[in-house]
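Coordinate inspection notes
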Amino acid sequence: MKKDSKKLYTTDGKVQTLTNDIDVNQKLSKILGKKFSDYRKIWDKANNMEIVTDFPLFLHLDMNQECNYKCPHCIIGHPEEVAENYFGDYLNFKDFKKIIDEGAEHGCPSMEPQGNNEPFLIKNLHEYISYANKKGFIDIMLNNNGSALTKKRAEQIIDTGLTRLRFSLDAFTQETYSKVRVGSIPLERVIRNIDNFLELREKKNYKLPLVGVSFCKMKQNEHELDDFIKFWTNKVDMISIQRFVPPTPNVKKYEKYYASDTLKEDPITEFKCVQPFQRVVIKNKSIAPCCVSFNKNLILGNIDTTSIYDAWHSPKMNNIRKLHKEGKFYLDKTCKDCVDLIYPNNQINNLSL
């Protein structure tokens, strides 16, 4: 890269983002101005656990669990685990508007209408994003697998107010892509869809959305990481390298996907999760303090009966924040299971509740 820039988006180090000029948020500040930079200053304070905002800064909506791929390292590739860990109705557009309206009322700046799913399977996705943008959300992001972003869908989405669009690829060659992205269309077609979107953005002379690609580093693809970075460096605005984390505590089922260097790491001595200081995750209709797929014990409420504001200020949410600020994540079983999955050599495995 002309000038490598790395930023850790979480204190657990699960994601590193490479850019070819300046940090992504600095770039967005230049494009969107003071309102965006002010929001990121507050985000940084929340990320450092210095403040608890009156309302979450980020609404992460896991609206359904539907995907046209069945990747073996993802929970969606295992329907029995989806049935075990997700419950309640999918979010429809009425539910979505209710969530966005509450967020807008409290000045929430950022959201993502996507979780463990392929968002472009929602036919009117552009209407969702446009609605959030018109309600004042200034940072709207989206991950997708690139298979369903046709030229028509690209035209629909580019004028919605989307700020970040990331394509999950996880491979450089077709051989590896077929193994880690099971059920996929050819990688060549996905790359063509990305190129078409970039050409459309250039044709319209738009600066947004910023476009990125992501690579979840696993034993099956780690040998392609350098080639992946070289290929995409001058094509996209950002490259995200993600750490593989099993989607459920069934370690035996997923241990073969851990990258080699992950298994060689020294055990950690401290861990503090910042997600409960940043966001709520709404999975179907359940409100949760984080993105963990197997999170059933930390549910804060249901959008039909609990406001996001009340969930954010609930005793359960306050307790989770307190545990993490004090470094005592191991006092909650869900948090402890999550940390043990992120760091498989974790010495704190012998700590009991």
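For the structure itself, look to the data block above.
None of these values were measured; they are calculated from a predicted model.

1. Things to note about unusual backbone geometry
Here the bond from Leu208 into Pro209 is cis, since omega is 0 degrees, no more than 30 degrees from zero. Tracing the chain through its elements places Pro209 in the loop between α8 (187-203) and β7 (210-217). Phi at Asp170 takes a positive value of approximately 70 degrees, unusual for a residue other than glycine. Assessed through its relative accessible area of 2%, Asp170 is described here as buried. A positive phi angle, close to 60 degrees, is found at Asn205, a residue other than glycine. Here Asn205 is to be found in the loop between α8 and β7. Note on Asn205: relative accessible area 69%, which makes it exposed.

2. Observations concerning the packing of aromatic side chains
For any pair of aromatic rings, geometry is given as the distance between the ring centres together with the angle between the planes. Inspection of every chain in the model, using the stated rule, returns 16 aromatic pairs. Seen in terms of ring centroids, Phe228 and Trp232 are 6.5 Å apart; in terms of plane orientation they differ by 50 degrees. Their pairing is tilted. Here Phe228 pairs with Trp232, and both are found in helix α9 (residues 225-232), just 4 residues apart, close to one helical turn. Residue Phe228 is classed as buried on the basis of its relative accessible area, which comes to 0%. Judged by its relative accessible area of 2%, Trp232 is buried.

Procedures and definitions
Residues numbered from 1 in each chain as written. Predicted model: local features only at pLDDT ≥ 70, side-chain atom pairs only at ≥ 80, totals over all residues. Heavy atoms only, no water. Helix = DSSP H or I, 4+ residues; strand = E, 2+ residues; numbered from the N terminus. Buried < 20%, exposed > 50% of the residue type's maximum accessible area, 1.4 Å probe, protein only. Phe/Tyr/Trp six-rings, centres within 6.5 Å; stacked < 30°, edge-to-face > 60°.

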